[in-house]
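Observations on chain architecture
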Amino acid sequence: MSDLQIGPASAADLGAVLDFWQAAAEGTSISDDLAGVERLHERDPQALLLARRDGELVGTVIAGFDGWRCHLYRLAVHPGHRRQGIGTALLAAAEERFVALGGRRADAMVLVRNERAHLAWEAAGYGPQDQWKRWVKPLGGPTR
Ligand SMILES: CC(C)(COP(=O)(O)OP(=O)(O)OC[C@H]1O[C@@H](n2cnc3c(N)ncnc32)[C@H](O)[C@@H]1OP(=O)(O)O)[C@@H](O)C(=O)NCCC(=O)NCCS
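What comes next is a walk through the structure. Keep in mind it's a predicted model, so treat the numbers as computed, not measured.

**A closer look at the nonpolar core**
Counting 17 residues, the largest nonpolar core has Val61, Leu72, Ile86 and Ala94 as its most contacted members. Among the secondary structure elements, those contributing two or more residues to this core are β2 (48-53), β3 (56-65), β4 (70-77), α3 (86-101) and α4 (115-123). The element contributing the most residues to this core is α3, with five residues. Not counting the four nearest positions on each side in its chain, leucine 72 is found in contact with Val61, Ile62, Ala63, Leu91, Ala94, Phe98, Ala106, Asp107, Ala108, Met109, Trp121 and Tyr126.

**Digging into the side chain of histidine 81**
By the secondary structure assignment, histidine 81 is in the loop between β4 and α3. A relative accessible area of 15% places histidine 81 in the buried class. Ignoring any residue separated from it by four or fewer positions in sequence, one finds histidine 81 in contact with Arg53, Glu56, Val58 and Ile86.

**Let's talk about the sheet that holds strand β1 (residues 4-8)**
Pairing within the open sheet is mixed, and its five strands lie in the order β1-β2-β3-β4-β5. Each edge of the sheet is formed by a strand with only one pairing partner; in this case those strands are β1 and β5 (106-108). Neighbour to neighbour, the strand axes of the sheet diverge by 25° on average, direction disregarded. Sheet strands in contact with helix α1 (residues 14-24) are β2, β3 and β4, and its direction is about 100° off that of β3.

Parameters and conventions
- Residues numbered from 1 in each chain as written.
- Predicted model: local features only at pLDDT ≥ 70, side-chain atom pairs only at ≥ 80, totals over all residues.
- Heavy atoms only, no water.
- Core = buried A, V, L, I, M, F, W, Y, C linked by side-chain atoms within 4.5 Å.
- Buried < 20%, exposed > 50% of the residue type's maximum accessible area, 1.4 Å probe, protein only.
- Helix = DSSP H or I, 4+ residues; strand = E, 2+ residues; numbered from the N terminus.
- Contact = heavy atoms within 4.5 Å.
- Pairing = 2+ DSSP bridges.
- Axes fitted to C-alpha atoms, helices over the stretch in contact; angles between N-to-C directions.

Spatial relationships are all this shows, so hold off on functional conclusions.
What follows is the structure, given as structure tokens:
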């Protein structure tokens, strides 16, 4: 893994990240458009972490800390680079950021049917909390 570089995205990376998610991520997020990722990047330029191997974008995770809780989003590794520890390395980098910011626990929303992801989250030490369900309300825009 010595050639794997993990660091924050720059503003110039954001378009490529959206293309990457089309190929590598599970489903679509309500914020998956240029305005959405630009807003994230303006608000917290360190939150979107990219993994590169030999300069190629091979993985992403959003490590969002709002001052209260630590949320992980958009963990994705390129299909041609999976099972090489990149997801694990991205989560380790995200957790390092959270700890440096004073975060106490990281969480992620994981689709019930995404069983491959369950194995990856479990391998990184995460586990489900069955007593919660997500309650949502769309704010003005289209519902997804
Ligand atoms: C989930 C995902 C990010 C894992 O990335 P990855 O780089 O392949 O993960 P790692 O190589 O770090 O795997 C770490 C461990 O997780 C488990 N794991 C990961 N993928 C697995 C799979 N397909 N089958 C079984 N176990 C798996 C294994 O225990 C693995 O360790 P091992 O390879 O030594 O056996 C990747 O499969 C992906 O991008 N999936 C599509 C997007 C997605 O579902 N994201 C999660 C949204 S909640």
